[in-house]
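Single-letter residue listing:
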6 protein chains.
Amino acid sequence: MIDFALDDFLEATLREDLGRAGDLTTNAIVPANRTASAQIVARAACTVSGLAAAARTFVLLDPTIGITFAAHDGDTVAAGTVLATVSGSARTLLTAERTALNVLGRLCGVATATRRYVDAIAGTRATIVDTRKTTPGMRALEKAAVRHGGGKNHRFGLDDAILIKDNHVAIAGGVRAAIEAARAAAGHLVKIEVEVDTLAQLDEALAARADIILLDNFSPADLAAAVARTNGIALLEASGGVTLATVRAIAETGVDLISVGALTHSAPAADVALDIAD
Amino acid sequence: MIDFALDDFLEATLREDLGRAGDLTTNAIVPANRTASAQIVARAACTVSGLAAAARTFVLLDPTIGITFAAHDGDTVAAGTVLATVSGSARTLLTAERTALNVLGRLCGVATATRRYVDAIAGTRATIVDTRKTTPGMRALEKAAVRHGGGKNHRFGLDDAILIKDNHVAIAGGVRAAIEAARAAAGHLVKIEVEVDTLAQLDEALAARADIILLDNFSPADLAAAVARTNGIALLEASGGVTLATVRAIAETGVDLISVGALTHSAPAADVALDIAD
Amino acid sequence: MIDFALDDFLEATLREDLGRAGDLTTNAIVPANRTASAQIVARAACTVSGLAAAARTFVLLDPTIGITFAAHDGDTVAAGTVLATVSGSARTLLTAERTALNVLGRLCGVATATRRYVDAIAGTRATIVDTRKTTPGMRALEKAAVRHGGGKNHRFGLDDAILIKDNHVAIAGGVRAAIEAARAAAGHLVKIEVEVDTLAQLDEALAARADIILLDNFSPADLAAAVARTNGIALLEASGGVTLATVRAIAETGVDLISVGALTHSAPAADVALDIAD
Amino acid sequence: MIDFALDDFLEATLREDLGRAGDLTTNAIVPANRTASAQIVARAACTVSGLAAAARTFVLLDPTIGITFAAHDGDTVAAGTVLATVSGSARTLLTAERTALNVLGRLCGVATATRRYVDAIAGTRATIVDTRKTTPGMRALEKAAVRHGGGKNHRFGLDDAILIKDNHVAIAGGVRAAIEAARAAAGHLVKIEVEVDTLAQLDEALAARADIILLDNFSPADLAAAVARTNGIALLEASGGVTLATVRAIAETGVDLISVGALTHSAPAADVALDIAD
Amino acid sequence: MIDFALDDFLEATLREDLGRAGDLTTNAIVPANRTASAQIVARAACTVSGLAAAARTFVLLDPTIGITFAAHDGDTVAAGTVLATVSGSARTLLTAERTALNVLGRLCGVATATRRYVDAIAGTRATIVDTRKTTPGMRALEKAAVRHGGGKNHRFGLDDAILIKDNHVAIAGGVRAAIEAARAAAGHLVKIEVEVDTLAQLDEALAARADIILLDNFSPADLAAAVARTNGIALLEASGGVTLATVRAIAETGVDLISVGALTHSAPAADVALDIAD
Amino acid sequence: MIDFALDDFLEATLREDLGRAGDLTTNAIVPANRTASAQIVARAACTVSGLAAAARTFVLLDPTIGITFAAHDGDTVAAGTVLATVSGSARTLLTAERTALNVLGRLCGVATATRRYVDAIAGTRATIVDTRKTTPGMRALEKAAVRHGGGKNHRFGLDDAILIKDNHVAIAGGVRAAIEAARAAAGHLVKIEVEVDTLAQLDEALAARADIILLDNFSPADLAAAVARTNGIALLEASGGVTLATVRAIAETGVDLISVGALTHSAPAADVALDIAD
């Protein structure tokens, strides 16, 4: 099945690099009929994501390129692992190289960061989830990368779930009023989550029967209190400045979900490369 | 002057968040005629970039939004600094908030990382330059962020200059052959840069009168030797695994340019926020 | 706030009518500087929807057009009611007339049909909801028209909720297996609805804790049995060949939701017109 | 030959349903390598149109899908008739089902409605034609559906023929002046039609040598008088509130053309379905 | 009224020149707040066309630019005539200059060439018309330029009239068969033109009641014979290798239309310039 | 490798001709399953360019069309030469014919004009280069045509090199100031060219170390003086009103480059045709 949005994204990214006149260097130096094969390699250990997208980059530019996968999205691999082999026109391989690697490096970076958080809370009942703090234009890809790293996804955008934040609460005149306004407008397939800053607001949210309650910048002690008070009636999400150093303590409070913006807004790119075998 | 490409990018980014049905939460809770004003704030010290773009996000979504700038792209600011004030429809402010901040946070992150590298080599003759390892779709914005951080730009894409890399050299059968093929094809306004791995290749590149020579993963000693041997006949660019820890020693070898991929592929996002005043 | 998707839709619709060469008739006959005003009128009683969209059609084509609304989306009006007045360039009024009326007539048609179903079940606890059987390209507009007619919306598309249909159940090997597979994949903000054909399947769906259960082509007696058996643990949606003649009996069984495809796939257009006053 | 506009329309319609994240249900439940075949079936008798478009929907989403046609656009079929078989990835079949059926159901609806009008005037010399009261974005498809139902097409848009309506006549200062202004501007391949409200205006239009004259809301008696008076010098089109109940009497007056807006703006969708054989 | 297609064309043309990074020269040298005014001047005598489009180029790039027209499309002007004044941001004037002039120069070239042909046949009953041999992407603009030069337009494309050419005749098995097939398919607002190579084919076309007959590469004597034989029953169009040297003799044969491909495919650009007054 | 920009251009050009309803004539007359083959022929001697693009036009519209090339871009051919054979659906051949020929005729025209200029200066050291006075939307194609005709390319747009023109010099306050401002802003891969009107300005440009100096409307004597004074330190480009009559004298002054706007803005189309063999 073709992923129209992925193809749009990759083609736009190729065009961004190709400009008006294409790859001046390759076209000047590499004969049009020269073929080659190349390996996509992880230079450092990482969790893989975006491998199918990176391969698709070559094929979109040139449908005659052949791809053989040696790893798959979701795999965690050691430094030096060959992820895939691409073969065909040498011009295509050189022209698409940077675009494909930029996509792959970023997505492996997100998956790898996610995997670290997921591993850090192993054995607890919490789930690592992402946020909407994604790279512009790459939300679907980065949310897939979070899944490849073992996390789960928060809402995809403003239109697929209700998340009442502090400013909404302030304008509505309270947690209960905000939830009621949201429920009156929402269809029957839309869940309602509300952000609270205090245990008192938590009680108000529970009384108003929110589906999920986001506990914003709660201390571990307050998180634990919230878990006790909620008693499974709603899902609880811890959020706010979570780091690898703090995530396990948060998870051990018994919250259901821990959302981490840094998975997508600050993960360093993974070190991936294309080695042309010739 | 309208920046068509910027508007395309911002509108696509807004659409990515809005989906089919728009901001369910805000539309359910915030009255259509409610107005508010909000401050865009740097929560941590940073070098600013993308402020005009972030402000444009609100105006694109709603031309009646008013903007007052309190800082400008290129400024380095302390934690807590107000960067701009946006005012108008409360719905617009809440709906565009995340998109604007995602753009701003990433670009301030790039500018801030660049500023650190530039400061680290202060007093040397070298210039920090970026690479094509940019975020897909954001190349022009990230290259501007590098300038805002005090760096300069390498080529924008495959079509505005010639950069002969190792694979091109291999296919051409040598540095000289590659440069000659490139020169034969290039127009009179196109410069030619060539990547070399050894001092011997450097000599070949000098003999073939390359405009710029990229010294790939040279040790500081070899960089210094290259500078001496080149004697100003061509520009020299050091590249490969440059970090904040190593950049000053590289600069002190006398190279003209130091390219750093991490400026754009691994800079953590800056911590920026929107505080609604009302 | 600009609705990008609405503007795209209206501009595409105008272009579809304008073709390459524009309105040959009007440009040949009406002087460029001639002005006029015109009333958008409901020739027959209807529930209004799409009035803002119809007005936007004129403004998109010519930002100097003035609009005064005399009714609003959601109003139910008598035959002969003036809905809005548009004034400005006579050429614009004539050129945009058909496009604006095509949009308005269809959406008033949907709202009017919905209103009839909603009125037919007045006093029961059921809610009329739409389906994905919408006009291609007009889903958001038609779903708004359903709301203007007093109904509520089912999911907007394949990606904002899970609806397990008979074919999914068959492939999964049963209702329970299907629900479990869905739950394992879904994020915490995604609700799960499942279609069942029998009361036995209903029991299975209840045991697997589906959020909503769609009772496909159940007789009123079976619907009532389903309501009794469910006892409020999940929402129940009646679906399948619902008509104005049958909807009240269905509603009186106590189901929560009744979905009606005909609201959007077969509602006749409302009779709306543009009367140029000159 | 590829129909670019059709592909644009179908892809946009698929994207409208797929959203950002695609078919959550199918992707969660149906294995990626599962194959199936399915029959597109007419649940009620209808005249077929849009079958090629519906089949193209599957192929656009997934070029590996196979199609076998059992009927063709223009056929009139009995309830239960299999129209086509689609086979391939089970995910694709389920994901594209609703989009394909929405397109097919609407177009069969238009063709079926047209066929009824055409049959109702069998034996007369009149031709049933459509109007510009089409579904936004579907004009070419709906005009093809009218042809499949046995009708013919009026102009496709504002730019491929001149149709002088009452407002144009009023601004021009009369039928003759309007026709003369139109003729002065029109190229030699553009026909001129004019709408008249009275027999006196008809005479004026005949004197000014209009190619076609639209008789707006004329009684059958006046239509017959118009036919007599025109004597074949121009084509005559009857228009305005034509229904299945009135169309034959209109046709028997001897007019050449009868235009019916309801063919496209109010035809109920045909009942078509996809039966997965597994 | 906005001309969507014109704006698309001009914006695409500006983007073609601006590339990824915009006007490097102007941005480096001209202060952002510098203003200027400039005159659009015809350096050589010409018939003006595209002036509104050229002015729109500046406004699209920068809505704050002011325009004052000193001439209008359709005027024939002497060398040195100021056509318009544009004023505002100096950067905008310099950045948009080449795009605006490229559009204007080409369209004035078409209008000027047309004017020469029209003048050459003054006093005859023939009309100069264009062809579909237009610049890709500029058909509507070039057809307007032909009108500005005093000519009239042939069909706009393949879909707004029927023109049966020699290959169609060959496939249909004769002029009559081709005309009959076309008439059976065409709606009542579509005219039918047929190309003939001989007087015998002309007779066949007349017998089949073609609306217009294109006489391809007829000698003046044969054209005159055709005019005599046709006697006003159909319009006659002379076509094929018409030049300024031959056009008057052709017109004097009494044909109705003379089509000239060179109006659009080979007209040299007019010499227009932008003089910045500062 | 797919050329995305070429495909965009060709598809848009086909759509411009096809309109909403496609090729009325061909669809009415030519059976859908009829096949044919046709030769693309140069009716007059020319230098070929755009042949691959013209062939691609057919394939884009219909991937089953077969192409056999008998000539290649860059060839200079005699009148009557067959350039390529296209075979497949007769409908496709007839529908795409005009679009393909419009593209081919224009590009062969540019290549042929370029070839004449290049031949006229054979034996001198000068190179013929193009300008930005290209057909809107066709810059990359026309610049390729210039190369096919033996010329070389000036910059592709405003963003890939710096060209300081008289207005920039005036605003900067002199040639030196302008060059210095440009150099301060430019990256290390951007060359700087400056336009001068006098020998005094030439000296200033040489002192400021411009890479290339454009001598605007210099007499041959002044060009020779400029060459002597420059002595190889910078490249010299002669520009301004160059014609076939004057170009050799200009070349013999010893300048490096001669830019000719007429190559692209005023080259008459080459006479190319499609002969259907049937």
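Residues numbered from 1 in each chain as written. Chains lettered and ligands numbered in written order. Predicted model: local features only at pLDDT ≥ 70, side-chain atom pairs only at ≥ 80, totals over all residues. Heavy atoms only, no water.

**Description of the interface of chain C and chain D**
1) Next: Taken residue by residue, the interface counts 59 residues in chain C and 59 residues in chain D.
2) Next: Contact between chain C and chain D buries roughly 4600 Å² in total, counting both sides, with carbon and sulfur atoms accounting for 58%.
3) Next: Three residues, Pro136, Leu158 and Ile171 of chain C, lead the burial of chain C against chain D; their summed loss comes to 15% of the area buried on that side.
4) Next: Where chain C touches chain D, the interface holds four salt bridges. (Contact = heavy atoms within 4.5 Å. Buried area = accessible area lost by both parts, 1.4 Å probe. Salt bridge = Lys/Arg side-chain N within 4 Å of Asp/Glu carboxyl O.)

**Some thoughts on the packing of helix α1 (residues 4–18) of chain A against helix α4 (residues 90–120) of chain A**
All names here are of chain A.
1) Next: For the pair α1 and α4, the least separation of the axes is 10 Å and the interaxial angle reads 130°. Here α1 is positioned oblique relative to α4, judged by the angle of their axes. In this structure, α1 crosses over α4, and the sense of that crossing is right-handed. Across the interface between the two elements, Phe9, Leu10, Thr13, Leu14, Asp17 and Leu18 of α1 pack against Thr95, Ala96, Arg98, Thr99 and Val103 of α4.
2) Next: Here the residues of the contact of α1 with α4 sort into six nonpolar, three polar and two charged. (Axes fitted to C-alpha atoms, helices over the stretch in contact; angles between N-to-C directions. Helix = DSSP H or I, 4+ residues; strand = E, 2+ residues; numbered from the N terminus. Parallel < 35°, antiparallel > 145°, perpendicular 65-115°, else oblique. Left-handed = near helix turned anticlockwise from the far one by under 90°. Nonpolar A, V, L, I, M, F, W, Y, C, P; charged D, E, K, R; others polar.)

**Overview of the relation of the copies chain C and chain D**
1) Next: Turning chain C through 180° and shifting it by 0.0 Å along the axis lays it on chain D, with an RMSD of 0.0 Å. Both copies of the chain, as the preceding transformation shows, are related through a two-fold rotation axis.
2) Next: Both copies share a contact surface, since 100% of the interface residues of chain C are interface residues in chain D too. (Least-squares fit on C-alpha atoms with pLDDT ≥ 70 in both.)

**Quick notes on the sheet that holds strand β5 (residues 82–89) of chain B**
Residue and element names in this part refer to chain B.
1) Next: Across the sheet, which stays open at both edges, the four strands sit in the order β3-β5-β1-β12 with antiparallel pairing between neighbours. At either margin of the open sheet sits one strand with a lone partner, and together these are β3 (66–69) and β12 (272–276). Taken pair by pair, the neighbouring strands of this sheet meet at an average axis angle of 20°, ignoring direction.
2) Next: Contacts from helix α3 (residues 51–61) reach β1 (35–42), β3, β5 and β12, with the element oriented near 165° to β3. (Pairing = 2+ DSSP bridges.)

**Here we look at helix α9 (residues 220–230) of chain C**
An α-helix turns once per 3.6 residues; consequently, residues spaced three or four apart project the same way.
All names here are of chain C.
1) Next: Considered for burial, the residues of α9 that qualify are Leu223, Ala226 and Thr230. Each buried residue of α9 lies within a common arc of 60° when the element is viewed along its axis, so the set occupies one face. Residues of α9 that are exposed and point more than 90 degrees away from the buried face comprise Ala221 and Ala228.
2) Next: Positive backbone phi, at 55°, marks Asn231, one or two positions downstream of α9. (Buried < 20%, exposed > 50% of the residue type's maximum accessible area, 1.4 Å probe, protein only. Arc of directions from axis to C-beta.)

**Some points on the packing of aromatic side chains**
1) Next: Evaluation of the coordinates by the stated rule reveals zero aromatic pairs over all chains.
2) Next: Positioned over the ring face of Phe156 of chain B is Lys143 of chain B, at 5.4 Å from the centre of the ring. (Phe/Tyr/Trp six-rings, centres within 6.5 Å; stacked < 30°, edge-to-face > 60°. Lys NZ or Arg CZ within 6 Å of the ring centre and 35° of its normal.)

**With respect to the sheet that holds strand β1 (residues 35–42) of chain C**
Residue and element names in this part refer to chain C.
1) Next: Reading across the sheet, the four strands line up as β3-β5-β1-β12 and stay open at both edges, with antiparallel pairing between neighbours. Here the strands that pair on one side only, and so sit at the sheet edges, are β3 (66–69) and β12 (272–276). Adjacent strand axes in the sheet meet at a mean angle of 20°, parallel and antiparallel pairs treated alike.
2) Next: By the bridge criterion, four bridges tie β3 to strand β5 (residues 81–89) in an arrangement that is antiparallel. Each bridged residue has a counterpart across the sheet, and for Gly66 the counterpart in β5 is Ser87.
3) Next: On the sheet, helix α3 (residues 51–61) packs against β1, β3, β5 and β12 and is oriented at approximately 165° with respect to β3.

**Here we look at unusual backbone geometry**
1) Next: For Arg209 of chain C, which is not glycine, the phi dihedral falls at a positive 60°.
2) Next: Tracing the backbone through its elements, the reader meets Arg209 of chain C in the loop between α8 (199–207) and β9 (212–216).
3) Next: Although it is not a glycine, Asn231 of chain E adopts a positive phi angle of roughly 55°.
4) Next: Position of Asn231 of chain E relative to the elements: it lies in the loop between α9 (220–230) and β10 (235–239).
5) Next: Residue Asn231 of chain E is classed as exposed on the basis of its relative accessible area of 64%.

**Considering the relation of the copies chain E and chain F**
1) Next: It takes a turn of 180° to lay chain E on chain F, together with a shift of 0.0 Å along the axis; the resulting RMSD is 0.0 Å.
2) Next: A share of 100% of interface residues in chain E that are also interface residues in chain F marks the association as one of identical surfaces.

**Details of the pattern of salt bridges**
1) Next: All chains considered together, the criterion is met by 78 salt bridges over all chains.
2) Next: One salt bridge connects Arg15 of chain B with Asp8 of chain C, and the closest N-O pair in it is separated by 2.8 Å. Placement of the pair is Arg15 of chain B in helix α1 (residues 4–18) and Asp8 of chain C in helix α1 (residues 4–18), with the two residues belonging to separate chains.
3) Next: In this structure Arg15 of chain B comes out as partly exposed when scored by relative accessible area, which is 28%.

**Let's talk about the interface of chain E and chain F**
How big an interface is tends to be expressed through the accessible area that disappears when the partners come together.
1) Next: Each partner contributes residues to the interface: chain E has 58 residues there, and chain F has 59 residues.
2) Next: Overall, the association of chain E and chain F removes approximately 4600 Å² of surface from exposure, summing both partners, and the carbon and sulfur fraction of that is 58%.
3) Next: Our enumeration of links across chain E and chain F arrives at four salt bridges.
4) Next: Between Asp17 of chain F and Arg139 of chain E there is a salt bridge whose closest N-O contact spans 2.5 Å.
5) Next: One can count 34 residue pairs in polar contact (both at pLDDT 80 or more) joining chain E with chain F.
6) Next: Elements supplying a minimum of two residues to the side of chain E that touches chain F: α1 (4–18), α2 (24–29), α4 (90–120), β7 (162–164), α6 (166–172), α7 (175–185) and α11 (262–265) of chain E.
7) Next: For the side of chain E that touches chain F, the element with the most residues is α4 of chain E, which contributes seven residues.
8) Next: Here the residues of the side of chain E that touches chain F sort into 29 nonpolar, 16 polar and 13 charged. (Polar contact = N/O pair within 3.5 Å; in protein donor to acceptor, adjacent residues only side chain to side chain.)

**Comments concerning the confidence of the model for chain A**
1) Next: Taken over all residues, the pLDDT of chain A has a mean of 97, while the share at 70 or more is 100%.
2) Next: With a pTM of 0.97, the predicted complex shows an ipTM of 0.96. (pLDDT = per-residue confidence, 0-100.)

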